[in-house]
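Observations on the three-dimensional arrangement
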Amino acid sequence: MPELPDVEGYRRTLAEHGTGHRIQQVEVLDPGVLRDTDPAELASTLAGQQLRRPDRHGKWLLAHTDGPTVLLHFGMTGELRWMRSDEPRHRHDRVVFRLDDGAAELRYRDMRKLQGLRLAHGPGEVEQELAELGPDALGIERDEFLTMLQQRRGAIKPALVDQSRIAGLGNLLADEILWRARVHPTTPARQLTDAQRRRLYDQLRRVLARAVPAGRVPPLPSWLTGVRDQQHPHCPRCGAELSRTTVGGRSTVWCPHCQASD
DNA sequence: GCTTATGTTTACTG
DNA sequence: ACAGTAAACATAAG
């Protein structure tokens, strides 16, 4: 699930229910998701802190408080849910934040524990943790994006998901953007025409503009994302059978007709 | 048993 | 320094 639009959705959940409220208790159900911290430290540093407006950079959610900031990453299967406290716990609920609203609580749920939670004790530490990330995909400017593509040597798809160049795009978004821009995923970034580069930027913006309010890459039948997991998926635009291969180690779906190969 | 899954890091190779 | 690949992490589903 979690690419930029999903994490932005979790940020909205946290902003809506958390901002201005105090953390009463942090219950760690599985310490396996804590990175560089432990249940005792997390609980003692966060208890009593007031949540401020949360932030997001790429796929990282920044839960600011008056004191430390919790950095949450959702890996491939994580989510943040606001649920009534009397709802039964899910087996993959790993950390529960109880606020001063006792009727409901925030739950960090994650099946696989590929990523997890980090604790940053000040703005400096937050910056340190995010130092390797490129500009956020939602705010990247055209020139920044075009320059990034020109500096990149390899194929275009791995460039789009390289978090150190542009933060927030994952496997689904990258395929969706390439399909809409009619660019083959293995085209060397440096061989892209100006028109292709501009289309990639425009479609990046369009896809995000639709996906962010939805809180996910919407699996609509008119989107590549909506058909890619079917048995023999067809291009929503031209009807050709879609191709699937591995690019940059990731499962990649594209239309051999619309996205002519290099 | 095998493969695959929306992510990232590390080790190794070119 | 830069890219590419494979493996690892942990868990479930088909």
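Thresholds, definitions, all that
- Residues numbered from 1 in each chain as written.
- Chains lettered and ligands numbered in written order.
- Predicted model: local features only at pLDDT ≥ 70, side-chain atom pairs only at ≥ 80, totals over all residues.
- Heavy atoms only, no water.
- Pairing = 2+ DSSP bridges.
- Helix = DSSP H or I, 4+ residues; strand = E, 2+ residues; numbered from the N terminus.
- Near = heavy atom within 4 Å.
- Polar contact = N/O pair within 3.5 Å; in protein donor to acceptor, adjacent residues only side chain to side chain.
- Nonpolar A, V, L, I, M, F, W, Y, C, P; charged D, E, K, R; others polar.
- Axes fitted to C-alpha atoms, helices over the stretch in contact; angles between N-to-C directions.
- Contact = heavy atoms within 4.5 Å.

The next subject is the pairing of strand 9 (residues 243-247). One face of the sheet, then the other: side chains in a regular strand alternate in exactly this way. Across five bridges, the pairing between strand 9 and strand 10 (residues 250-254) is antiparallel. For R244, the partnering residue across the bridge sits in strand 10 and is V253. What sits between strand 9 and strand 10 in their antiparallel hairpin is a turn of two residues, with G248 showing a positive phi close to 55°.

Another aspect to go through is the protein's contact with DNA strand C. The immediate surroundings of DNA strand C are formed by R91, H92, M111, R112, K113, L114, Q151, R152, R153, G154, A155 and G248. Here DNA strand C approaches the protein such that, of its atoms within 4 Å, sugar and phosphate make up 71%. Backbone polar atom of R153 to a phosphate oxygen of DNA strand C: 3.1 Å apart, as the coordinates give it. In the environment of DNA strand C, a phosphate oxygen lies 3.3 Å from a nitrogen or oxygen atom belonging to the backbone of A155. A breakdown of the residues in the surface near DNA strand C according to their chemical character gives three nonpolar, four polar and five charged.

Looking now at the sheet that holds strand 4 (residues 69-73). Pairing is antiparallel in the open sheet, where four strands are placed in the order 2-3-4-8. With partners counted over all chains shown, the strands left at the sheet margins are strand 2 (55-57) and strand 8 (117-120), one partner each. Each adjacent strand pair in this sheet contributes to an overall mean axis angle of 25°, direction not counted. For strand 3 (residues 60-64) and strand 4, the ladder comprises five bridges, and the chain directions are antiparallel. If you follow L62 over to strand 4, its bridge partner there is L71. Together, strand 2 and strand 3 form the strand contacts of helix 1 (residues 4-18), whose direction differs from that of strand 3 by roughly 15°.

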